[in-house]
Amino acid sequence: MTGAIIREARIEDIDALLEVVNQPTNRHGTGRVPFQTRSWVEARIPPTDPNITCVVAVVEGTAIGWATLARGKERRTHVGSIGIAVHEAHVGKGYGRQMMNALLDVADNWMGLVRVQLDVNCDNAPAIALYKNCGFEIEGVQRAHVIRDGQYIDGYLMSRIRPAAEHVPFAQEASND
């Protein structure tokens, strides 16, 4: 596998991303209802909130996945929440990991976030494995997290906590005494 190009989400990605979010296998792992509309995607691409970073994975000129990092507000500005989706034909090829790594770089090195969190259905083993490999831990079970096909599915709340970055003081000029 060669890597995808990871870049910001653009208006020209909307049609491809609409296809991704409406795939049965993608919807299976989320809390979204079937038949998302073009306007639903248009409202999110590109994000208008400066506290949201949205990236896409592009393979052969087409966006095959998207991921978002949303910074919390008020007393939760040290917290970010991640959502991710990959086209079913490209699952398991490392594109989700590339997008996750890009967002975690933003979280750590540009936003200074201490906590990054997400939720995932308990039966989504591939996603859970990805998140664990990226340093996330299961914090708890959210019972009856989503309804899918008439059944309530539990979810995990997962997070990655990193210590606050060490302060690097301004370098003092050496005295020539």
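Since we're looking at a predicted model, the values are computed, not measured.

## Re the sheet that holds strand β6 (residues 137-148)
In spatial order, the strands read β1-β2-β3-β4-β5-β7-β6; together these seven strands make up an open sheet with mixed pairing. Edge positions in the sheet fall to β1 (5-8) and β6, since each has one partner strand and no second. Pairwise comparison of adjacent strand axes, ignoring direction, gives a mean angle of 25° for this sheet. Where strand β4 (residues 79-86) meets strand β5 (residues 115-121), three bridges bridge the pair, whose relative direction is parallel. Considered in β5, the bridge of Val79 is made with Arg115.

## Side note on the environment of Gly65
Within the element layout of this structure, Gly65 appears in strand β3 (residues 62-71). Overall, Gly65 belongs to the buried group, its relative accessible area being 0%. In this structure, Gly65 is in contact with Leu17, Val55, Val56, Ala57, Ala85, Val86 and Met99, ignoring residues within four places of it in sequence.

## Side note on the pattern of salt bridges
Applying the stated rule across the entire model yields ten salt bridges. With a shortest N-O distance of 2.6 Å, Glu139 and Arg115 are connected by a salt bridge. Separated by 24 residues along the polypeptide, Glu139 in strand β6 and Arg115 in strand β5 bring together distant segments of the chain. For Glu139, a relative accessible area of 40% corresponds to the partly exposed category. Bridged by salt links that share partners, the residues Glu8, Arg10 and Glu12 form one connected network.

## Examining the packing of aromatic side chains
Considering all chains together, one arrives at two aromatic pairs under this definition. Pairing Trp40 with Trp66 gives two aromatic rings, centres 6.3 Å apart and planes at 65°, and the pair type is edge-to-face. In this pair, Trp40 is assigned in helix α3 (residues 38-42) and Trp66 in strand β3, connecting sequence segments 26 residues apart.

## Re the pairing of strand β7 (residues 151-161)
Examined bridge by bridge, β5 and β7 share seven bridges and lie antiparallel to one another. Each bridged residue has a counterpart across the sheet, and for Val120 the counterpart in β7 is Tyr156. In the sheet, β6 pairs with β7 via eight bridges, with the strands oriented antiparallel. Residue pairing for β7: Gly140 is matched across the bridge by Leu157.

## With respect to the environment of His78
Residue position: His78 is located in the loop between β3 and β4. The class of His78 is partly exposed, set by a relative accessible area of 37%. Each C-alpha atom of the pair His78 and Asp49 lies 17 Å from the other, and the pair is 29 residues apart in sequence. Excluding residues that lie within four positions of it along the chain, His78 makes contacts with Leu113, Val114 and Arg115.

What counts, and where the lines are drawn
- Residues numbered from 1 in each chain as written.
- Predicted model: local features only at pLDDT ≥ 70, side-chain atom pairs only at ≥ 80, totals over all residues.
- Heavy atoms only, no water.
- Pairing = 2+ DSSP bridges.
- Helix = DSSP H or I, 4+ residues; strand = E, 2+ residues; numbered from the N terminus.
- Axes fitted to C-alpha atoms, helices over the stretch in contact; angles between N-to-C directions.
- Buried < 20%, exposed > 50% of the residue type's maximum accessible area, 1.4 Å probe, protein only.
- Contact = heavy atoms within 4.5 Å.
- Salt bridge = Lys/Arg side-chain N within 4 Å of Asp/Glu carboxyl O.
- Phe/Tyr/Trp six-rings, centres within 6.5 Å; stacked < 30°, edge-to-face > 60°.

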